[in-house]
Amino acid sequence: MTIAAIASAEDAQVLMARHLDADCLNMGLIYIQASARAAKWYSQYLDWLHLHPFEREQRGMNSLLGFTKQRVSFPPEEMPQLKVVALDDANEFASSRGGWLGDWSRLRFFHWVNPSETASHWSDVKVGDLTALYEAALHPATDILGAGGSMARVLAGAGPGSLLRPVRDLMDSMRVAEAPPRRECW
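Since this is a predicted model, take the numbers as computed values, not measurements.

Undergrad: When you look at the overall build of the chain in this model, what are you seeing that I'm missing?
TA: When its secondary structure is counted, the chain shows six helices and five strands. When the helices and strands of the chain are read in sequence order from the N terminus, they spell out α-β-β-α-α-β-β-β-α-α-α. By its C-alpha atoms, the chain is 60 × 40 × 30 Å across when sized along the principal axes. Counting only residues that meet the buried cut, the chain has 41% of its 186 residues in that class. In the chain, the proportion of contacts linking residues at least 24 apart, taken out of those at least 6 apart, comes to 54%. Looking at the chain as shown, the accessible area adds up to about 10,300 Å², and 54% of this sits on carbon and sulfur atoms. Each charge class in the chain can be summarised by its mean position, and for the 18 positive and 22 negative side chains these summaries are 3 Å apart.

Undergrad: How should the packing of helix 2 (residues 36-51) against helix 3 (residues 57-64) be read in this particular structure?
TA: Packed helices, taken two at a time, are described by their axes: the angle between them and the distance between them. Put simply, helix 2 and helix 3 touch, their axes get as near as 11 Å, and they point 135 degrees apart. The angle between helix 2 and helix 3 places the two elements in the oblique class. As for how helix 2 packs across helix 3, the hand of that crossing is right-handed. Contacts from W41, Y45, W48 and L49 of helix 2 reach helix 3 at E57, G60, M61 and L64. The residue makeup of the contact of helix 2 with helix 3, split by class, is six nonpolar, one polar and one charged.

Undergrad: Looking at this model, I keep getting lost on the environment of L15. Mind explaining?
TA: Counting through the fold element by element, L15 comes out in strand 1 (residues 14-18). For L15, a relative accessible area of 0% puts it in the buried group. Remark: the alpha-carbon pair of L15 and S43, spanning 28 residues in sequence, is separated by 17 Å. With residues up to four places along the chain from it excluded, the contact list for L15 reads I3, I6, A7, L29, I30, Y31, V85 and L87.

Conventions and cut-offs
Residues numbered from 1 in each chain as written. Predicted model: local features only at pLDDT ≥ 70, side-chain atom pairs only at ≥ 80, totals over all residues. Heavy atoms only, no water. Helix = DSSP H or I, 4+ residues; strand = E, 2+ residues; numbered from the N terminus. Buried < 20%, exposed > 50% of the residue type's maximum accessible area, 1.4 Å probe, protein only. Contact = heavy atoms within 4.5 Å. Areas by Shrake-Rupley, 256 points an atom, 1.4 Å probe, with all protein chains shown as cover. Lys, Arg positive; Asp, Glu negative; His and termini not counted. Charge placed at Lys NZ, Arg CZ, Asp CG, Glu CD. Axes fitted to C-alpha atoms, helices over the stretch in contact; angles between N-to-C directions. Parallel < 35°, antiparallel > 145°, perpendicular 65-115°, else oblique. Left-handed = near helix turned anticlockwise from the far one by under 90°. Nonpolar A, V, L, I, M, F, W, Y, C, P; charged D, E, K, R; others polar.

Now the structure itself:
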């Protein structure tokens, strides 16, 4: 099912992913339905964020969409109401924070997020991980089209000793056996 089809089925104007270990929306993936009401909401959100750069954009989305109990300073008045739905973050729209349940057949999107305790060299780790993923995806031997356009399907079939196995092992290192309890948003 496409993102637009999910939004339609849920009657939602906004779809976002979350972290598996927290009950808050994540800015890694945002779908906003094209409509006058959504455009007005997003314009007000961007105006607010521009005037309050000390606020986190993610906190603003959570608060102004009413997804969490987080609050922001000087919220805009009379913002249109939009229905937001959190996407499946266990397998389909996963992130590195909190891990993922590891169902390769369902993985559609993966967001590299700072861990809860961020090491000073995190940006180097993230760049290295993403570089390895891009190099594997762009390698002439990688047949993404043959896998229906899904890098997840390609990685699912990466056997021991294959070119893609280190990238699969990287993704598998973020797999968790079960979803951790969700904490409140920070």
